[in-house]
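Coordinate inspection notes
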Amino acid sequence: MEKLNYHMSPEQFREEGKKIIDWIADYYEQIEDYTVLSQVKPGDIINSLPDAAPLQGESIDDMIKDLDEKIMPGITHWQSPNFFAYFNANTSFPSILGDLVSSGLGVQGMLWATSPAATEVETRVLDWLADMMNMPEQFHSTSSGGGVIQDTASTAALTAIIAARERVTKFKTNEDGLDKKLVAYVSSQTHSSVEKGIKIAGIGRANLRLIDVDENCSMRTDLLEQQIQQDRANGLIPFFVCGTIGTTSSTAIDPLPEIGKICKQQKCWFHIDAASLGTAMLCPEFRHLANGVELADSYSFNPHKWMFTNFDCNVFWVANRHELINTFSILPEYLRNKATESGEVFDYRDWHIQLGRRFRALKLWFVIRHYGVEGLQFLIREHVRLANEFENWVNDSEEFEVVVPTTMNMVCFRYKSDDAFNLKLMNTINEAGKIFFTHTKLDGQVVLRMNIGQTHIEEKHVKNAWKIIQETAKELKSTN
């Protein structure tokens, strides 16, 4: 009786894999032909898919056909050079190839022993990055701290919050539960993921203080200091402050040196969220944005935003790795091994929440080695230049205005009209599909955001976007 084998053989994988590589390459060659924002209605995609899974296996050719006909209409094209929305979720060909190798190896790198290369490549690559960005010595693995790859900045913030909670309670909360009123501080512009982390960590939303900002949307440290003193007077325990390099709404920069000094005085954990703009520290001329980082207990940024490394990849550095390890380490019998017990290796599952770990460092390793430091610096500088060009065009126009000074690669602007018109302008353009951008609210006012940092963007794409915005505004005004 013939033995059944449902697996794809290496030879079949080689043949079918080439088809998928070709499909991806074709996609990038044609990407500007697609409507940037998906135009499907809710339910369109799910209604195009069979109600039940196939009983018998299907061919890759049939799957590719369905990719084209059923999946692509529901894709918003984040890799299009006409994508100006949110923050980037960039990728690049070397990153895709590195991720393919990671998927092919199928490593679960929870411990050094489960794949030494997964741990040691990660350690070395994050030390490379610390050097490339001139990070303080304590963030290097050869010092008191080091780096680890998280999935997102949200998880990094949660990790920092939990470690800060344990430090201030002398690591008793993990054992006995939280029995103290701890208080955390963020600006009114801080990303909502910190609030989510505060909830998950058991601190409670009522114990998160939102500190007001100045005219540049940066945290007011005088109000921070007053609030901490008031909380202490009321018997509460301040324990965590988050400063931001590049807020979500306007890429504002918090006064990190002043926040850091307050944190040292008040014995609060100082976390810096540089998710969006952290990559800019590759360029020496932009590193002043991170002044004060030497005072931080933790720092995170997302290569999957502006460093051409596909989602998900967050770099999380700590000044004292033992505080992380004491917070997250659990060693059941089934994870015991000689390497761990020797104390000579990093077991990264002790540095964060999850146990299982993908070999994410490979795609970052591929990206850095392909572009080199010079290539990465060139692209960041070019995106900043294009954003400055766009800002100049807005300033030179009579109909539009820049709302806050441009920081790096995002321009906050609006048409000189009411909120309703600005939203109508944005929605009309997005529904046409040639470009895609988004909005926020600053000081209660609708503001349009142009984020200029997509991997393959060129000046022609930014010029075309500005032309579309101007022409659409003119058409809408003429019909009002």
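Figured I'd write up the structure that's included with this text. (Residues numbered from 1 in each chain as written. Predicted model: local features only at pLDDT ≥ 70, side-chain atom pairs only at ≥ 80, totals over all residues. Heavy atoms only, no water.)

1. Quick notes on the overall build of the protein
Tallying secondary structure elements over the protein gives 16 helices and 11 strands in all. For the protein, whose C-alpha radius of gyration is 24 Å, the value lies close to the compact-globule estimate of 23 Å for 480 residues. The principal-axis extents of the C-alpha atoms in the protein amount to approximately 80 × 60 × 45 Å. Per-residue burial for the protein yields a buried fraction of 52% across its 480 residues. Across the protein, every contact between residues at least 6 apart in sequence was considered, and the portion connecting residues at least 24 apart equals 74%. Of the roughly 22700 Å² that the protein leaves accessible, carbon and sulfur atoms contribute 51%. The positive charge centre, built from 47 side chains, and the negative charge centre, built from 64, are 4 Å apart in the protein. (Helix = DSSP H or I, 4+ residues; strand = E, 2+ residues; numbered from the N terminus. Rg over C-alpha atoms; globule rule 2.2 N^0.38 Å. Buried < 20%, exposed > 50% of the residue type's maximum accessible area, 1.4 Å probe, protein only. Contact = heavy atoms within 4.5 Å. Areas by Shrake-Rupley, 256 points an atom, 1.4 Å probe, with all protein chains shown as cover. Lys, Arg positive; Asp, Glu negative; His and termini not counted. Charge placed at Lys NZ, Arg CZ, Asp CG, Glu CD.)

2. Some words on the environment of G145
Tracing the backbone through its elements, the reader meets G145 in the loop between helix 5 (116-132) and strand 1 (146-150). For G145, a relative accessible area of 0% puts it in the buried group. As for G145 and V318, which are separated by 173 residues in sequence, their C-alpha atoms are 5.2 Å apart. Dropping the residues within four chain positions of it, G145 is found in contact with Q138, H140, V318, A319, N320, R321 and W351.

3. With respect to the packing of helix 14 (residues 361-396) against helix 16 (residues 459-479)
At their nearest, the axes of helix 14 and helix 16 sit 10 Å apart, and the two run at 25° to each other. Relative to helix 16, the element helix 14 is oriented roughly parallel. Two packed elements cross with a definite hand, and for helix 14 against helix 16 that hand is right-handed. In this structure, helix 14 uses R385, L386, E389, F390, W393 and V394 to contact helix 16, whose residues at the interface are E459, V462, K463, W466 and I469. (Axes fitted to C-alpha atoms, helices over the stretch in contact; angles between N-to-C directions. Parallel < 35°, antiparallel > 145°, perpendicular 65-115°, else oblique. Left-handed = near helix turned anticlockwise from the far one by under 90°.)

4. So, the packing of aromatic side chains
Taken as a whole and assessed by the stated rule, the structure comprises 25 aromatic pairs. Ring centres 5.3 Å apart and planes at 75° place the aromatic pair Y27 and Y28 in the edge-to-face group. You'll find Y27 and Y28 in the same group, each marked buried. Both rings, one in Y86 and one in F436, keep their centres 5.9 Å apart while their planes meet at 75°; by these two values the pair is edge-to-face. (Phe/Tyr/Trp six-rings, centres within 6.5 Å; stacked < 30°, edge-to-face > 60°.)

5. Quick word on the sheet that holds strand 10 (residues 438-442)
In spatial order, the strands read 8-9-11-10; together these 4 strands make up an open sheet with antiparallel pairing. Looking along the sheet, the strands with just one partner apiece sit at the ends: strand 8 (400-402) and strand 10. Each adjacent strand pair in this sheet contributes to an overall mean axis angle of 40°, direction not counted. Here 3 bridges tie strand 8 to strand 9 (residues 410-415), and the two strands are oriented antiparallel to one another. Residue pairing in the sheet places F400 in a bridge with Y415 of strand 9. Along the sheet, helix 15 (residues 419-432) makes contact with strand 8, strand 9, strand 10 and strand 11 (445-451), crossing strand 11 at roughly 30°. (Pairing = 2+ DSSP bridges.)

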